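# Structural overview for review
Listed below are the residues making up each chain.
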Amino acid sequence: MHRRSATALTLAVLAVLATGCSDGEAGTDAAPGPSATATTGEPTPEASTTTVPESTGPSAGTAANTAQVCRAVDQLIIDGSRQIAADSVDATREELTPEQLNGKLKGRLSRLADDVRAQARKARDDRIKKLVEETATKIDSGAAAKSPASWMGTDFVDIPPRLTRDCHV
């Protein structure tokens, strides 16, 4: 039975790695605005004289910090996934019991949550800080789960797509 748990865990981790994580740049392609030539092909007078208001978006420093934090969190998730996969391979080779495997997973997930939380403290953008803190809290719930291996296959796999979708400038 423990070999089956380790195999299921390895597959869950590989699914996370295959999903891929944001490089901090996701969502930066803005949809083009309305074209001045959209209806007639000719520029409208308003289009040639209208000024663009200043951006109310994040400052360059905040944007750079967000990209840095998001990349760091992505890398932590990828590295943590690889370490968990290696742990599951070791568990199979060492013929660990499910309890021993769960103990290893709980420790690994707890450390990962702490590392992710440290990145949240670095975030300057409140939205990113909250997202990264929520991610750490989710990982903590995996460390506290009765069966972290089951949690990996259900909840952990949802983390990378959420980061890809939401962790960007």
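### Describing the overall build of the chain
- The helix and strand tally for the chain stands at seven helices and zero strands.
- Starting at the N terminus and ending at the C terminus, the chain contains elements arranged as α-α-α-α-α-α-α.
- A total of 169 residues make up the chain; the buried ones form 36% of that total.
- Across the chain, the fraction of contacts at a sequence separation of at least 24, relative to all contacts at a separation of at least 6, is 79%.
- For the chain, the exposed area adds up to about 9700 Å²; of that, 54% sits on carbon and sulfur atoms.

### Some words on the confidence of the model for the chain
- Mean pLDDT over the chain works out to 77, with 66% of the residues at or above the 70 mark.
- Across the chain, element-level confidence peaks in helix H5 (residues 126-144) with a mean pLDDT of 97 and bottoms out in helix H2 (residues 45-49) with 43.
- The model gives residues 17-55 a pLDDT under 50, and that stretch makes 36 contacts with residues more than four places away or in other chains.

### What to know about unusual backbone geometry
- We note that Glu95 has phi near 55°; this positive angle belongs to a residue other than glycine.
- Looking at the element boundaries, Glu95 is found in the loop between helix H3 (60-94) and helix H4 (98-122).

### Focus: the packing of H3 against H4
- Look at H3 against H4: their axes get within 10 Å of each other, and the N-to-C directions meet at 170°. Between H3 and H4, the interaxial angle falls into the category roughly antiparallel.
- The residue makeup of the contact of H3 with H4, split by class, is twelve nonpolar, four polar and seven charged.

### Let's talk about the packing of H3 against helix H7 (residues 159-166)
- Running from amino to carboxyl end, H3 crosses H7 at an angle of 165°, the nearest separation of the two axes being 11 Å. Classified by the angle their axes make, H3 and H7 are roughly antiparallel. For the pair H3 and H7, the sense of crossing is left-handed. Residues Val73, Asp74 and Ile77 of H3 pack against Ile159, Pro160 and Leu163 of H7.
- Class assignment of the residues belonging to the contact of H3 with H7 gives a composition of five nonpolar, no polar and one charged.

### A closer look at the packing of aromatic side chains
- Using the criterion set out here, one finds one aromatic pair in the structure.
- Here the aromatic rings of Trp151 and Phe156 are separated by 5.7 Å at their centres, their planes lie at 50°, and the arrangement is tilted. For the pair formed by Trp151 and Phe156, the shared burial category is buried.

Here is what the cut-offs are and how they apply
Residues numbered from 1 in each chain as written. Predicted model: local features only at pLDDT ≥ 70, side-chain atom pairs only at ≥ 80, totals over all residues. Heavy atoms only, no water. Helix = DSSP H or I, 4+ residues; strand = E, 2+ residues; numbered from the N terminus. Buried < 20%, exposed > 50% of the residue type's maximum accessible area, 1.4 Å probe, protein only. Contact = heavy atoms within 4.5 Å. Areas by Shrake-Rupley, 256 points an atom, 1.4 Å probe, with all protein chains shown as cover. pLDDT = per-residue confidence, 0-100. Axes fitted to C-alpha atoms, helices over the stretch in contact; angles between N-to-C directions. Parallel < 35°, antiparallel > 145°, perpendicular 65-115°, else oblique. Nonpolar A, V, L, I, M, F, W, Y, C, P; charged D, E, K, R; others polar. Left-handed = near helix turned anticlockwise from the far one by under 90°. Phe/Tyr/Trp six-rings, centres within 6.5 Å; stacked < 30°, edge-to-face > 60°.

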